[in-house]
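Per-entry structural report
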Amino acid sequence: MFKKITFALAAAAALTLTTGTAMAQASKPPVRVVVPWAAGGTVDFAARQLSQKLNEQTGRNYFVDNKAGGSGTIGTSNALKSPADGTTVLFFEASYATLPAIFSKLPWDHDKDFAPVGSVIETPMVLVVPANSPFKTVQDLIDFAKKNPGKLNFGSGGVASTPHLTAELFKNAAGIDIVHIPFKGGGDALLGVMAGSADMLFTAAPTALPHVKNGKVRVLGHSGAQAYPALPGVPTVADAGKLKGFAFNNWYGLAFPKDTPADVVNQLNADVAKAFADPALRDRFVQQGAAIALSSPDAFGKLVRDESKRLTDVSRQAGIKPE
């Protein structure tokens, strides 16, 4: 009889706990995580992995809403014009910094209409050439380009895209003349390198890694400032090409609409830090070629503004005129 009573009490306690947890979850409005790109890409993968972990640890429903188009402006505008109540957050990456180079007028204030939460991960851009390319090193490529100005070309996912501007930074640092060939997207540009219609390409590391490993492209270096664990033995472009100061990392982070309360911003920043304290989540990102790069809201805001200025300056030097 005692055992039956004990079991009944335990079952009732468990039911109360489950009901209480469900009610607590229901009392928290869901959070829409806007990704301004189509599903399936690196940004989408990162947003979904992080959202899943936030769901588990906070009991709140974080769900990804892909709003692609307009070089990222459609989703970005949608997120930054949403109510500043903590229920909509933008998950974006370094291409945000290139938008002033593409558009003379944006549907939000590029510098003021976002409340930065913090950076999450970063990935270097990887310099790849066709598998049968005569270039075995970054220095080989630079030496040929200097002797043959205008004969080499580089692909990108479009004018003023992150791969395009990374290549322009490389071009300026090396003092070489190489010709830009814009493709319809990053995937097409990589296919162009595989087919030999583009001599070289800077592309996101997670995008390139599978094709580097299966031998479809050759990697010469990466744009980071230090060793890259996902590609052991692959040098930085700066070291391999003797290009002091050349570095660019594709960063990913979160931002709320402006006027979102500081306590809401700081809470999400803390929740993200707690999520990445989980070794399983960290390993998942590292295996995909990303480095964990958490930051404070202020530090991330400064990064976004500094990168926007730097990449806008690069685009002007390249003769890119905003539409």
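To be clear, the structure that these remarks concern was listed above.
These lines cover the structure that appears in this document, whether it is placed above or below. As the structure is a prediction and not an experimental result, all values here were calculated from the model.

The rules behind the values
Residues numbered from 1 in each chain as written. Predicted model: local features only at pLDDT ≥ 70, side-chain atom pairs only at ≥ 80, totals over all residues. Heavy atoms only, no water. Core = buried A, V, L, I, M, F, W, Y, C linked by side-chain atoms within 4.5 Å. Buried < 20%, exposed > 50% of the residue type's maximum accessible area, 1.4 Å probe, protein only. Helix = DSSP H or I, 4+ residues; strand = E, 2+ residues; numbered from the N terminus. Contact = heavy atoms within 4.5 Å. Phe/Tyr/Trp six-rings, centres within 6.5 Å; stacked < 30°, edge-to-face > 60°. Pairing = 2+ DSSP bridges. Arc of directions from axis to C-beta. Axes fitted to C-alpha atoms, helices over the stretch in contact; angles between N-to-C directions. Parallel < 35°, antiparallel > 145°, perpendicular 65-115°, else oblique. Left-handed = near helix turned anticlockwise from the far one by under 90°. Nonpolar A, V, L, I, M, F, W, Y, C, P; charged D, E, K, R; others polar. Expected span 1.5 Å × (residues − 1). Salt bridge = Lys/Arg side-chain N within 4 Å of Asp/Glu carboxyl O.

Side note on the nonpolar core
Within soluble globular proteins, side chains that are nonpolar generally end up buried alongside one another. Of all hydrophobic cores here, the largest spans 48 residues; its most connected members are Y96, F170, M200 and F202. Take this core: its biggest share by element is 5 residues, from helix 6 (residues 162-174). Other than its neighbours up to four places away in sequence, Y96 contacts T76, L80, W108, H110, F114, W251 and V304. Counting residues in each nonpolar core, the second largest holds 27 residues, with V33, V89, V272 and L281 among its members.

Remarks on the packing of aromatic side chains
Inspection of the entire model under this criterion finds 12 aromatic pairs. Both rings, one in F92 and one in Y96, keep their centres 5.1 Å apart while their planes meet at 80°; by these two values the pair is edge-to-face. The same class applies to F92 and to Y96, which are both buried. Ring pairs connect the aromatic residues F92, Y96, W108, F114, W251 and F300, which therefore count as one cluster.

Concerning the environment of F183
Examined against the element boundaries, F183 turns out to sit in the loop between strand 6 (179-182) and helix 7 (186-195). Put simply, F183 and V159 are 24 residues apart on the chain and 8.7 Å apart in space, counted from C-alpha to C-alpha. F183 has contacts with G155, S156, G157, G158, D188, A189, G192, S197 and A198, leaving out every residue within four places of it along the chain.

Quick word on the pairing of strand 9 (residues 249-257)
Where a strand is regular, its side chains alternate between the two sheet faces. The buried fraction of strand 9 amounts to 8 of the 9 residues, a majority that puts the element mostly inside the structure. In terms of strand pairing, strand 3 (residues 88-93) meets strand 9 through 4 bridges, oriented antiparallel. Considered in strand 9, the bridge of L90 is made with A255. Summarising the sheet, strand 4 (residues 114-130) and strand 9 pair through 9 bridges and their orientation is antiparallel. Its bridge partner lying in strand 9, E122 is registered against W251.

Quick word on helix 8 (residues 205-213)
Residue pairs spaced three or four apart in an α-helix point in one direction, given the helix's 3.6 residues per turn. Among the residues of helix 8, those classed as buried are A205, P206, A208, L209 and V212. Along the axis of helix 8, the buried positions cluster into a sector of 155°, meaning they face one direction only. Once helix 8 ends, the next one or two residues include G215, with phi positive near 80°.

Thoughts on the pairing of strand 3
Of all 6 residues making up strand 3, 6 are buried, and the element is well covered by its neighbours. In terms of strand pairing, strand 1 (residues 31-35) meets strand 3 through 3 bridges, oriented parallel. Looking across to strand 3, one finds that V33 is bridged to V89.

Notes on the packing of helix 6 against helix 12 (residues 297-317)
Two numbers describe how helix 6 lies on helix 12: the axes approach to 10 Å, and their chain directions differ by 70°. One element, helix 6, and the other, helix 12, form an angle in the roughly perpendicular class. When the axes of helix 6 and helix 12 are compared, the crossing they make is left-handed. Contacts between helix 6 and helix 12 involve L165, E168, L169 and N172 on the former and, on the latter, R310, L311, V314, S315 and Q317. Among the residues making up the contact of helix 6 with helix 12, the classes are represented as 4 nonpolar, 3 polar and 2 charged.

Side note on helix 2 (residues 42-58)
In a regular helix each residue adds 1.5 Å, so 17 residues correspond to 24 Å; helix 2 covers 24 Å between its end C-alpha atoms and thus fits that length. Among the residues of helix 2, those classed as buried are V43, D44, A46, A47, Q49, L50, S51, K53, L54 and T58. Backbone geometry just downstream of helix 2 places G59 in the positive-phi region, at approximately 70°.

Thoughts on the packing of helix 2 against helix 10 (residues 262-275)
Close contact between helix 2 and helix 10 brings their axes to 10 Å; oriented N to C, the two are set at 100°. In terms of their interaxial angle, helix 2 and helix 10 are classed as roughly perpendicular. Across the interface between the two elements, L50, K53, L54, Q57 and T58 of helix 2 pack against L268, D271, V272, K274 and A275 of helix 10. In terms of residue class, the contact of helix 2 with helix 10 is built from 5 nonpolar, 2 polar and 3 charged.

Description of the side chain of D44
Position of D44 among the secondary structure elements: in helix 2. Leave out the neighbours within four places in its chain, and D44 touches V35, A38, A39, V64 and N66.

Thoughts on the pattern of salt bridges
Within this structure, the stated rule accounts for 10 salt bridges. Note that D65 and R32 form a salt bridge whose closest N and O atoms lie 2.9 Å from each other. Of the two residues, D65 is situated in strand 2 (residues 62-66) and R32 in strand 1; the sequence distance between them amounts to 33 residues. Given a relative accessible area of 18%, D65 falls into the buried group. Overall, the relative accessible area of 15% leaves R32 in the buried class. Its salt-bridge partner being R310, residue E307 comes within 3.1 Å of it at the nearest N-O pair. Placement of both E307 and R310 in helix 12 is noted, with a separation of 3 residues, approximately one turn of the helix. On the basis of relative accessible area, E307 is assigned to the buried category, the value being 9%. Bridged by salt links that share partners, the residues R32, D65 and K67 form one connected network.

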